[in-house]
Amino acid sequence: MGSRYQMQERFGPWGRAGQERLRQGRAVVVGLGVLGGTAAMLLARAGVGFLRLVDPDHPSLDNLHRQVLYSEQDVTAGRPKVEAGAAYLRSLNSEVSIETHQVALGPGNALDLLRGCGVVLDGLDSAAARYLLNEACLKLGIPLVHAGVIKAQGQLVVVRPGQGPCLRCWFPSRREPPASSAELGIIGPAAACLASLQTAEALKILVGAQDQVLEGLLSVDLWPPRFRTLEHRHWDRQACPACRGQYELLPGDSPGL
Amino acid sequence: MDGGGPEISVVVDGFAERLPAGMSLTALILRQQAQHKDLVAEVNGRFVHPRDYDSVLLNEGDRVELIHPAFGG
Ligand SMILES: [Zn+2]
């Protein structure tokens, strides 16, 4: 009888060795909306060893057109996203160890929620929370796979602390966009596309294919379809407070270095 | 078209545009219906920091990409 993971192990760059690294791998998904939920599902199916889920909310009926972890029963029962999500993920793959935290990422808990993981997946839904996540990942030296989505478009960035631009380098204004997805809408396929791209990057990091990880910013639009990769040439670590270790969103921190 | 001065040809988000010569990146962003200035801009494959949008003047043949970051999830 074949193994559970044989189809992905047959993919040469992944292989048995990559699968074993994945089994020992630890990922944290911050935010269990469409990005985080879809990513968590793909990571659990792929056989990541340990998955930490962080989200304060409950699924609502208007989530279900795009969010894959929750059912109508979860909405009716008012189950927290982390609880409903973990139950579903355990039903998909009992080999994955799942830890849940029903909290919002904040300055006081960010480091503790990320510590010990080999990769962080950004499933958040605001710019503000993402800048905090960015700082926490930089401080801990953990790679961050960022994705964001709105309407039928989004972008993907992998932050490798100390080795390339962070989210603040790419989005220096630190302002929230004037209109949110609640106003502009979001379609399931675009979100699933971004989540899938995001998971691929996280899996590369977990299976040890760092040299295949996205460089630059991948912009995706499905309506009409267009994929673009932007390069951040001439990255200057010293020009970015977060990259040079000056964490403005984490508490009680003196500038590093 | 705006005014009668010399024009240049610039590729914006993959589409050729005729623009007034000497147009700044800031002016282009305003021209492109951009709802807000907080975007990711690249000229000829090079990321441009927002503080430089005023001083970057577009030239014939430049390729510009403008991306509005999406922060939903
Ligand atoms: Zn930075």
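Here the structure is a predicted model, which is why all the values come from computation and not from measurement.

Conventions used here
Residues numbered from 1 in each chain as written. Chains lettered and ligands numbered in written order. Predicted model: local features only at pLDDT ≥ 70, side-chain atom pairs only at ≥ 80, totals over all residues. Heavy atoms only, no water. Contact = heavy atoms within 4.5 Å. Buried area = accessible area lost by both parts, 1.4 Å probe. Salt bridge = Lys/Arg side-chain N within 4 Å of Asp/Glu carboxyl O. Polar contact = N/O pair within 3.5 Å; in protein donor to acceptor, adjacent residues only side chain to side chain. Helix = DSSP H or I, 4+ residues; strand = E, 2+ residues; numbered from the N terminus. Nonpolar A, V, L, I, M, F, W, Y, C, P; charged D, E, K, R; others polar. Donors = N, O, S within 2.8 Å, 3.2 Å for Na, K, Ca; no water. Tetrahedral: all angles 85-135°; square planar, octahedral: opposite > 155°, others 65-115°. 1 Å grid on protein atoms, 1.4 Å probe; cavity = no way out; pocket = protein on both sides within 12 Å on 5 of 7 lines; lining within 4 Å. Points joined across faces, edges and corners; volume = space filled by probe spheres on them. Buried < 20%, exposed > 50% of the residue type's maximum accessible area, 1.4 Å probe, protein only. Core = buried A, V, L, I, M, F, W, Y, C linked by side-chain atoms within 4.5 Å. Pairing = 2+ DSSP bridges. Axes fitted to C-alpha atoms, helices over the stretch in contact; angles between N-to-C directions.

### A short note on the interface of chain B and chain A
Counting residues at the interface gives 22 residues for chain B, matched by 36 residues for chain A. At the boundary of chain B with chain A, total buried surface from both sides reaches about 2,300 Å², with 57% on carbon and sulfur atoms. Contact with chain A buries surface across chain B, with Phe 47, Phe 71 and Gly 73 of chain B losing the most and accounting together for 32% of the total. The interface formed by chain B and chain A includes four salt bridges. Note that Asp 13 of chain B is salt-bridged to Arg 228 of chain A, the shortest N-O span being 2.8 Å. If you look at where chain B meets chain A, you find 16 residue pairs in polar contact (both at pLDDT 80 or more). Elements with a contribution of two residues or more to the side of chain B that touches chain A: strand S3 (40–43), strand S4 (46–48) and strand S5 (63–67) of chain B. Element by element, the count of residues in the side of chain B that touches chain A is highest for S5 of chain B, at three residues. For the side of chain B that touches chain A, the class distribution of residues is eight nonpolar, nine polar and five charged.

### So, unusual backbone geometry
Residue and element names in this part refer to chain A. Along the chain, Trp 223 connects to Pro 224 via a cis peptide bond; the corresponding omega equals 5°. In this structure, Pro 224 sits in the loop between strand S7 (217–222) and strand S8 (225–230). We note that Arg 174 has phi near 60°; this positive angle belongs to a residue other than glycine. The residue Arg 174 is located in the loop between helix H8 (167–170) and helix H9 (181–184) in this model.

### Let's talk about the coordination of the zinc ion
All names here are of chain A. Those donors, Cys 166 (SG), Cys 169 (SG), Cys 240 (SG) and Cys 243 (SG), are the protein atoms that reach the zinc ion, and they lie 2.2 to 2.3 Å from it. Angles of 100 to 119° at the metal separate the four donor atoms of the zinc ion, which places the site in the tetrahedral class. All donors of the zinc ion come from a single chain, and their spacing in sequence reads C-x2-C-x70-C-x2-C.

### Points about the layout of surface pockets
Empty space left among the atoms is revealed by rolling a probe the size of a water molecule over them. There is about 550 Å³ of room inside the largest pocket. For the largest pocket, the lining is made up of 23 residues, of which Asp 221, Arg 226 and Arg 228 of chain A together with Asp 13 and Leu 66 of chain B are closest to its centre. Sorting the residues of the lining of the largest pocket by element identifies strand S6 (153–159), S7 and S8 of chain A together with strand S2 (15–20) and S5 of chain B as the ones contributing at least two each. Grouping the constituent residues of the lining of the largest pocket by class yields nine nonpolar, eight polar and six charged.

### Overview of the pattern of salt bridges
Applying the stated criterion across every chain yields a total of 17 salt bridges over all chains. Where Asp 122 of chain A meets Arg 130 of chain A, a salt bridge forms, and the shortest distance between an N and an O atom there is 2.7 Å. The two residues Asp 122 of chain A and Arg 130 of chain A agree in class, both being buried. With a shortest N-O distance of 2.8 Å, Glu 201 of chain A and Lys 204 of chain A are connected by a salt bridge. Of this pair, Glu 201 of chain A and Lys 204 of chain A both sit in helix H10 (residues 188–207), separated by three residues, roughly a single helical turn. Here the salt bridges share partners, and the residues they tie into one network are Arg 226 and Arg 228 of chain A together with Asp 13 and Glu 65 of chain B.

### A closer look at the side chain of Arg 52 of chain A
With respect to the element layout, Arg 52 of chain A can be found in strand S2 (residues 50–54). Non-local contacts of Arg 52 of chain A, meaning those with residues more than four positions away in its chain, are made with Arg 26, Ala 27, Val 28, Val 29, Glu 99, His 101, Asp 112, Leu 113, Leu 114, Arg 115 and Cys 117 of chain A.

### Regarding the nonpolar core
Nonpolar side chains in soluble globular proteins generally cluster together in the buried interior. All names here are of chain A. Formed by 49 residues in total, the largest nonpolar core has its most connected members in Leu 43, Leu 51, Leu 53 and Leu 89. Ranked by residues supplied to this core, first place goes to H10 with 10 residues. Apart from the residues lying within four places of it in its own chain, the contact partners of Leu 89 are Ala 40, Met 41, Ala 44, Leu 51, Leu 53, Leu 69 and Ile 98. By size, the runner-up hydrophobic cluster in this structure holds 40 residues, among which are Val 30, Leu 124, Leu 132 and Ile 142.

### Some remarks on the pairing of S5 of chain B
All names here are of chain B. In terms of residue burial, S5 counts as a mostly covered element, since four of its five residues are buried. As paired strands, strand S1 (residues 7–12) and S5 are joined by two bridges and run parallel to one another. Within S5, the position partnered with Val 11 by the bridge is Arg 63. Of the pairings in the sheet, the one linking S3 to S5 comprises four bridges and is antiparallel in character. When the sheet's bridge partners are listed, Ala 41 is paired in S5 with Leu 66.

### Quick look at empty space enclosed by the protein
All chains considered together, the criterion is met by one cavity of 30 Å³ or more. In this structure, the largest cavity occupies an estimated 90 Å³ of space. Along the walls of the largest cavity sit 15 residues, with Phe 171 and Ser 173 of chain A together with Asp 38, Leu 39 and Pro 69 of chain B positioned nearest its centre. Of the residues assigned to the lining of the largest cavity, the class counts are nine nonpolar, two polar and four charged.

### Observations regarding the sheet that holds S5 of chain B
Residue and element names in this part refer to chain B. One open sheet holds the five strands; their spatial order is S2-S1-S5-S3-S4, and the pairing between them is mixed. Sheet topology places S2 and S4 at the edges, where each strand pairs with a single neighbour. Averaged over neighbouring strand pairs, the angle between their axes works out to 35° when direction is ignored. Where S3 and S4 come together, three bridges link them in antiparallel fashion. The residue of S4 that forms the bridge with Glu 42 is Phe 47.

Geometric values such as these leave the question of function open.
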